[in-house]
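Here is how the chains run, residue by residue.
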Amino acid sequence: MTQDIYIVIEHLRGQVADISYIMLAAARELAQSAGGNVIAVLLGHNAKELAANFAADQVIYLDHPALADFTPDAYQKALADLIQKNQPRAVLFGSTSIGSDLASVLSIRLDLPLASSCRSFTKDGKFVSQICGGKIMAEGALPSPTALVTMIPGGYKSEEGKSTQPPTLTPAEVPALDALRVALKNYVEPQAGDVDIAKEPILISVGRGIQNKDNIALAEDLATALGGVVTGSRPVIDQAWLPSSRLVGKSGKHVKPKIYFTLGISGAPEHVEAITDSDTIIAINTDPKAPIFDIAKYGVEMDLFDLVEVLTEKVKQAK
Amino acid sequence: MIVAEADRSFYDRVLQATPEGERLRLCLECGNCSGICPFGYLMAYPPSRMIAMLRADRFDKLLEADSIWMCVSCYACTAACPSKIPLTPGLMASIKEELVLAGNVPNELQNALTNSQRYGNPLGESPRKRADWANRIAPEVKIMGKFKQPVDVLWFVGDYASYHPRVQSTTRALARILNALGVDFGILGPDESSDGDSQRLAGEHGLFEMLADKNGKAFGKYKFNQIITTDPHAYNAIKNEYPKLGISYPIQHYTEFLAERLDQIKPMLKRESKAKVTYHDPCYLGRANGVFDPPRALIKAIPGVTLAEMLHNHTNSLCCGGGGGGMWLDGFQWEKAHVRLSEWRVREALDTKADILAVACPYETPRFEDAAKTVEGAAQLKVKDIAELLLEAMGI
Amino acid sequence: MNIVVLAKLVPDLVEELTIDANGNALDSSFARLIINEFDDHAIEQGILLKERGGGSVTIIAPDAEGADDVLFTAAAKGADRLIKIKGDFSNVNNHALARAFAKVVSGIKPDLVLTGVQAHNDLDGALGPLLAELLEMPYIGYVSAVSINGDKVLIKKEYPGGLLAEMDVQLPAILGIQAAEEPPRYVAVSKVRQAMKTSSIEEQDASNLDPCGGSAIGRMFQPEASSHATMITGSPDEVAEKLVGVFKELGIV
Ligand SMILES: Cc1cc2nc3c(=O)[nH]c(=O)nc-3n(C[C@H](O)[C@H](O)[C@H](O)COP(=O)(O)OP(=O)(O)OC[C@H]3O[C@@H](n4cnc5c(N)ncnc54)[C@H](O)[C@@H]3O)c2cc1C
Ligand code: SF4
Ligand code: SF4
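Computed from a prediction, not measured in an experiment: that's the story for all the values here.

### Describing the overall build of chain A
Here is step 1 of the chain: On a plain count of helices and strands, chain A comes out with eight helices and 17 strands.
Here is step 2 of the chain: For 319 residues, the compact-globule estimate of 2.2 N^0.38 gives 20 Å, and chain A sits close to it at 21 Å.
Here is step 3 of the chain: In terms of principal-axis extent, the alpha carbons of chain A reach across some 65 × 45 × 35 Å.
Here is step 4 of the chain: Per-residue burial for chain A yields a buried fraction of 59% across its 319 residues.
Here is step 5 of the chain: Across chain A, contacts joining residues at least 24 apart in sequence account for 64% of those joining residues at least 6 apart.
Here is step 6 of the chain: Accessible surface, chain A as shown: approximately 11900 Å² in total, 48% of it carbon and sulfur.

### Focus on the interface of chain A and chain C
Here is step 1 of the chain: Tallying the contact residues gives 82 residues for chain A and 82 residues for chain C.
Here is step 2 of the chain: Carbon and sulfur atoms make up 62% of the area that chain A and chain C hide from each other, which totals about 6600 Å².
Here is step 3 of the chain: Three residues, A:Ile108, A:Arg181 and A:Asp294, lead the burial of chain A against chain C; their summed loss comes to 10% of the area buried on that side.
Here is step 4 of the chain: Between chain A and chain C we count seven salt bridges in total.
Here is step 5 of the chain: Among the ionic pairs, C:Asp237 bridges to A:Lys314, the shortest N-O distance being 3.7 Å.
Here is step 6 of the chain: The interface formed by chain A and chain C holds 31 residue pairs in polar contact (both at pLDDT 80 or more) in total.

### Quick look at the packing of aromatic side chains
For any pair of aromatic rings, geometry is given as the distance between the ring centres together with the angle between the planes.
Here is step 1 of the chain: Per the counting criterion, the structure on display carries twelve aromatic pairs over all chains.
Here is step 2 of the chain: With 6.0 Å between their ring centres and 70 degrees between their planes, A:Tyr21 and A:Phe54 make a pair best called edge-to-face. On the criterion of sequence distance, the pair formed by A:Tyr21 in helix 1 (residues 18-34) and A:Phe54 in the loop between strand 4 (38-44) and strand 5 (58-63) is long-range, its members being 33 residues apart. Here the two residues A:Tyr21 and A:Phe54 agree in accessibility, since each one is buried.
Here is step 3 of the chain: Ring geometry for B:Phe156 against B:Phe219: centres 6.2 Å apart, planes inclined by 65 degrees, an arrangement best described as edge-to-face. Of this pair, B:Phe156 sits in strand 2 (residues 153-156) while B:Phe219 sits in helix 12 (residues 205-221), placing them 63 residues apart in sequence. Grouping residues by exposure puts B:Phe156 and B:Phe219 together as buried.
Here is step 4 of the chain: Sitting above the plane of the A:Tyr21 ring, A:Lys162 keeps its charged end 4.8 Å from the centroid.
Here is step 5 of the chain: Lying across the ring of B:Phe257, B:Arg261 places its NZ or CZ 3.7 Å from the centre.

### Some points on the sheet that holds strand 8 (residues 356-359) of chain B
Residue and element names in this part refer to chain B.
Here is step 1 of the chain: Sheet architecture is open: four strands sit in the order 7-6-8-9, paired in parallel fashion. The open sheet has two edge strands, strand 7 (306-308) and strand 9 (382-385), and neither has a second partner. Here the strands of the sheet are splayed against their neighbours by 35 degrees on average, with no regard to which way each runs.
Here is step 2 of the chain: With four bridges joining them, strand 8 and strand 9 adopt parallel strand pairing. Its bridge partner lying in strand 9, Ala358 is registered against Lys384.

About the criteria used
- Residues numbered from 1 in each chain as written.
- Chains lettered and ligands numbered in written order.
- Predicted model: local features only at pLDDT ≥ 70, side-chain atom pairs only at ≥ 80, totals over all residues.
- Heavy atoms only, no water.
- Helix = DSSP H or I, 4+ residues; strand = E, 2+ residues; numbered from the N terminus.
- Rg over C-alpha atoms; globule rule 2.2 N^0.38 Å.
- Buried < 20%, exposed > 50% of the residue type's maximum accessible area, 1.4 Å probe, protein only.
- Contact = heavy atoms within 4.5 Å.
- Areas by Shrake-Rupley, 256 points an atom, 1.4 Å probe, with all protein chains shown as cover.
- Buried area = accessible area lost by both parts, 1.4 Å probe.
- Salt bridge = Lys/Arg side-chain N within 4 Å of Asp/Glu carboxyl O.
- Polar contact = N/O pair within 3.5 Å; in protein donor to acceptor, adjacent residues only side chain to side chain.
- Phe/Tyr/Trp six-rings, centres within 6.5 Å; stacked < 30°, edge-to-face > 60°.
- Lys NZ or Arg CZ within 6 Å of the ring centre and 35° of its normal.
- Pairing = 2+ DSSP bridges.
- Axes fitted to C-alpha atoms, helices over the stretch in contact; angles between N-to-C directions.

Rendered as C-alpha cells:
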C-alpha cells in the first residue's frame, strides 16, 4: 500500500494522447494532497521513448509484444497484476475509448472502487466529476484503498503534464498474457484529402444552432473574411452539413487554434474536451446558461443569425 | 400476383381512409390537381398520376419514388378537383402513412415525430415550459391546472405559438388583446399537447390519435364554454378531426372570435396607420375551412390601412410550405427543389407593393421572415401576425 | 444467435435538473426519464444483426417510469423478448445495476450482449464493462460496426480523429455501442400500440442491489453558468465592432 498516484498512459500508433498529459497534471495535484509520487504507467512494446516528456516522478514500463497496440484483454491483465502488487492510492484512466474499456473491468476484477468522469481534484483530494452533459457536478472523497478514476479533460492543461526533464524509467515484469479473447486485426484510416483542422489557427465552428445546411454559408463567409476554416459539432456532421473531417470533439479531432469561434454550439463535454487547448474561445449562443460560456474567454448572448453577417462585413472593412 | 394483392388492399384502404374516399373512383384524369400543385412539377408522380398508378396496380412504384414527401398538404389539389376527391387528407396522407409505417421517413420529419411522441410537441421542448411565454403578462394568464375554476374561453395556444421565440411575441400580443377586451380566458399550459394535425397529414395517424386523446382528456378536466386557437392546424384538427374521435367542442380561430367583437374593438384601434397590408390565407384557415373574411375584416378595421390582395388569394392562396409536415421537410424539399414556397409567396407580396405581409398562422411569421431575408427587394417587407397589427393599433 | 440488449433510462436533459434535499443526488421525483441514447443505438444494432443473420433479440430494462414504453417500442422494431427487472432503481449506481443485470443475463445464456457505450449520468463507470467482468465475458466499447463471424464478432472500435480499429472478439461477448450502423429507426405509434397488444413483458426480481465498488458522492451541484466568459453586449453592430477589436488584439486582422 502506497500513496502514489498512477496514470495509465494512452497512446495510439506512436502518439501519446493528450489526455495522458492532462492526467499527469491532475495526478500532480492529487499527489500533493495524498503525499505520494506521480507515477506514469506505460504499456507498450519498444515504446520507451514515448515517456521522454512525462512530468512524472517515475515511469513504470511494461514491455510486451501483446501490449504494442491497445486491446482490452491484454491491457487489463497487465494492469490488474501491477495494481494488485503495488497497491497505489489511485489509478487514473482516460474516460476514452481506451480507458473506459479498462477501469470498470478492473473495478470488478480487483474489487476496487471506481469514480468516473472526473474533471478535477480539489486541494484536499476530493474528486469532482462532471455529468449530465455538463449540467451537474458531483464531488466525493477519493475512495479507498485504491481509487480507480476515469478522467475527462477540462480541469488541467496538457502543457502542465509535460517536462523537459526525462523521468526515470523502471521496467516492470509483465504477467503471462495468454488466453486473450480480443485480437486487433488492423486500423482503418479516416478518409484523407481535406484540410487538417487540428493544424488550422482560426476555426469558425458551427453547432446545431446553425439550424440547417444552407446556413453553413454564413460561417464560410466569416471564415473566409478571417482567413480560417469552418468546423462543426457532431449534429452538424451527422447531418452531413459538413464533411466528417471537420468534426471537432471526442469522436473527431482535437484542435488547438489561436481562435475558436463557436456559432450555436452548446458546449457539451464531448465537444469541449477537444477545444480546451485553444488560445481564445469566443462563443455566440442565445442561451445564457449554455456551458460553452464556462470555458469561453468571450461570450455573446445573441442570435447568431443577427450577428454573423454584420460581423463578416466589419471584418472585411477592418482588413 | 402478390404485389397486385397488396396494391388492392392499399387501394381499398385509401378508399376507406376518409368518409369520401370512395370518390377516388370518380377521377376523370383531368390533371387539374397536378397542374395546381405547387410542387407538382418536381414530383415523379403528381396527384393525378398517383391515381393512375394505383389503378394500374403499381403502388410499389409510388413507394419507391419519394415524390410524396414533396407534398405539403396544402389542399390546392383537393380544392381544384372537379370530382371533389379528398386528395390531401385521403390519398396523400395514406401514402405517407404507408412510408411512415415502413419506417421510411426523412430525417427531419423523423425528429419532429419522435419529439411529438416524447414531448407532445414537434420542437422537442420541455412540456413543462409550454406556458413560459406568458410569464411576464399582466393580468396573469390563467393556467387551468393551477387556476382550477371555470373560464368562458379556453385558448388552445398550439406548438409554435407556445415555443417558437418569434411566434411567442404574437402569442403575447393576443393575450394582451384578450385582456384588453376583458375576455375571461385560460390556457392548458403543460396539459396542452400538440394538436397533431400536421403529424396526421404527414402520415402518422397513430400519433395524431395519441395526441388527440391527450388533449381530449385535458379538455375534459376543465370547465369552459368554447375553445379558440391561434393555430389553423389546431383549428382544423379540433373542428374536423377530433369529433370523429368523440372529442367535440365549439371552436373558433382567434380571427373569427375577434371579428365577432369588432364593435368593441373598433373604438380601441386609435393609432392610425398608413400601411398597405396584404394578407396571406393560411391553407388550413382558408382553403380547408372557408375562413376568409374575418381576418380581412380585422385588418380593414385598423384606421388608415389599405388591404391589397396578392395574385393568389382566398381559395387560390399559395401555401407557405409549412403545412402537413412541410415544416419538417424543409431540408428534404430544399434538396429536391432548391426553391421555397415561402419565397414565392413573398415575391407575390412584393408585387402588391405592400409594406406589411399579414398572417394568421404561427408557421408563417418565421417562414416568411426567413424568406424575406433571401428574396431580393424584400428587406423592407414586414411580416406581422394580425394580432400584432391590432395590438399596435391599440397602442397598448 | 441469441442477442441481448440492455437498456436503461436516464434523466432527460431537456428538463431542468434538480438536486435532492440531501444535496448529493439528482432529484429523481422531478426528473423526466428517457432512454439512454446509446442504448437506443444498441437496440438498433441488435435489430440490424437479427435482420441480417437471424436469431433472436431480447431487451432487458430495469424498472422505471417509461420502461414499458422503451420495451414495447423495441418490440415494434423487431425485438422478440422483453424483460423488465423489478426493483427500486432510483439513484442506484451502475455497480448495483450490473449485478442485477448479471443475474438475469446469465439465465439467458446469450451469444452477444449489446449496450450503450455510456450514459450521461454514469458516476461509477459504464454498465457494459462492469457486467462483462461479472459474467467473465470480454468487453469492447466505442463500437460502431458489428458483424458476426462464426464464434467471433468482427467489430469496429472508434478512436479520436476518425481512426477505427478492427478487432476480433470471442463470443460470448459484451459490446458498448457508440453508434449503430444505421440511425435508430422511427416506429409509428400504431406499431407500438400493436406491440403492446401482441407482446408481453416478463418481470424478474432484482436480487439484491449491491452498490459496492461505486464511489460515495458527498455533494452535487450545478456549475455556475457564464462564470468565465466576459460577455460582450450591445446591438449586433456594437458587438461586431467589439469583436473586431478582439481580433485586432490577437493580431489576426
Ligand atoms: C461518446 C460521445 C462522443 C461524442 N463526440 C462528439 C464529438 O466529437 N463532437 C461533438 O461536437 N459532439 C460529440 N458528442 C455529442 C455531444 O454530447 C453533444 O450532443 C454535441 O456536441 C452537441 O452539439 P451542439 O452544441 O451543436 O448542439 P446543441 O447541444 O443542441 O446546442 C446548440 C446550441 O445552439 C444554441 N443556439 C440555438 N439557436 C441559436 C441561434 N440562433 N444563435 C445562437 N445560438 C443558438 C443553443 O442555445 C444551444 O446551446 C459526443 C457524445 C458522446 C457521448
Ligand atoms: S396537397 Fe398541395 S402539395 Fe400536396 S399534392 Fe395536393 S396540391 Fe400538391
Ligand atoms: S383533379 Fe380530381 S378528377 Fe382531375 S385528375 Fe386530379 S383527382 Fe382526378
